[in-house]
Amino acid sequence: GQQLNQSPQSMFIQEGEDVSMNCTSSSIFNTWLWYKQDPGEGPVLLIALYKAGELTSNGRLTAQFGITRKDSFLNISASIPSDVGIYFCAGSSNTNAGKSTFGDGTTLTVKP
Amino acid sequence: DGGITQSPKYLFRKEGQNVTLSCEQNLNHDAMYWYRQDPGQGLRLIYYSQIVNDFQKGDIAEGYSVSREKKESFPLTVTSAQKNPTAFYLCASSIGARGGGDTQYFGPGTRLTVL
């Protein structure tokens, strides 16, 4: 089946630093999604990308849909303590309609 | 308020007992999903349903069962056949094929502990 490689697995940064994480796939996706999960809660959708090359921002977050449709990245600028959590990427394709493939997550720790 | 609800938030059961986890959505979404999450790991798909009265197995369906009798509801039963049922269970929904959207929205999760 389709698989996503999400990296890095974890990050420890200082408050105020910028963060970058990415996902790559051997398969082409039509949609890339980025979620954040707080401990003990369900993932919350941060950014949805529907077009190759698309660059979308949501406050301090910026995500891009790779031009090859096989990768995506998420950047967080000027991190703050509440950015702590697990960030997941997810991709879906028309050939696998109804099912998304999730990365294993990037655990972000922000030190004040 | 529109959204997805899961109940209860925490559930404890004795080994050998079946247990049913609730998932309800009022988003008018056609598709619903169940995932399992273990500590430090990603999401694994258990079952999904793209329309009422229809559902398909995901990657780890063994030991689980579902029903989709109503559009709003997609309960998951963890049976005694599931060898390691203690986990965090997440339900999600999406517009589905009619809307061309696969963007999934998640509930708050149920943490199941089998003693």
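Residues numbered from 1 in each chain as written. Chains lettered and ligands numbered in written order. Predicted model: local features only at pLDDT ≥ 70, side-chain atom pairs only at ≥ 80, totals over all residues. Heavy atoms only, no water.

Quick notes on the overall build of chain B
When helices and strands are tallied, chain B shows zero helices and 11 strands. Taken over the C-alpha trace, chain B has a radius of gyration of 13 Å; the compact-globule value for 115 residues is 13 Å, and the two agree within 12%. Projected onto its principal axes, the C-alpha positions of chain B cover 40 × 25 × 25 Å. Sorting the 115 residues of chain B into buried and exposed places 49% on the buried side. Put simply, of all contacts in chain B between residues at least 6 apart along the chain, 53% involve residues at least 24 apart. Within the structure as shown, chain B displays about 5600 Å² of accessible surface, and the carbon and sulfur contribution to it stands at 48%. If you average the places of the 12 positive and of the 11 negative side-chain charges in chain B, the two averages end up 6 Å apart. (Helix = DSSP H or I, 4+ residues; strand = E, 2+ residues; numbered from the N terminus. Rg over C-alpha atoms; globule rule 2.2 N^0.38 Å. Buried < 20%, exposed > 50% of the residue type's maximum accessible area, 1.4 Å probe, protein only. Contact = heavy atoms within 4.5 Å. Areas by Shrake-Rupley, 256 points an atom, 1.4 Å probe, with all protein chains shown as cover. Lys, Arg positive; Asp, Glu negative; His and termini not counted. Charge placed at Lys NZ, Arg CZ, Asp CG, Glu CD.)

Observations concerning the packing of aromatic side chains
If you walk through the whole model with that rule in mind, you get 10 aromatic pairs over all chains. Ring centres of Tyr35(A) and Phe106(B) lie 5.3 Å apart, and the angle between their planes is 85 degrees; on these two criteria the pair is classed as edge-to-face. One end of the pair, Tyr35(A), is in strand S4 (residues 31–37); the other, Phe106(B), is in strand S10 (residues 105–106), on a second chain. Residue Tyr35(A) shares its accessibility class with Phe106(B), and that shared class is buried. Consider the rings of Tyr47(B) and Phe55(B), whose centres lie 5.9 Å apart with planes at 80 degrees: the pair is edge-to-face. With relative accessibility at 7%, the residue Tyr47(B) sits in the buried group. Counting every residue linked through ring pairs, the aromatic cluster contains Tyr35(A), Phe102(A), Tyr33(B), Tyr35(B), Tyr48(B) and Phe106(B). Note that Arg68(B) overlies the ring of Phe74(B), its terminal NZ or CZ placed 6.0 Å from the centroid. (Phe/Tyr/Trp six-rings, centres within 6.5 Å; stacked < 30°, edge-to-face > 60°. Lys NZ or Arg CZ within 6 Å of the ring centre and 35° of its normal.)

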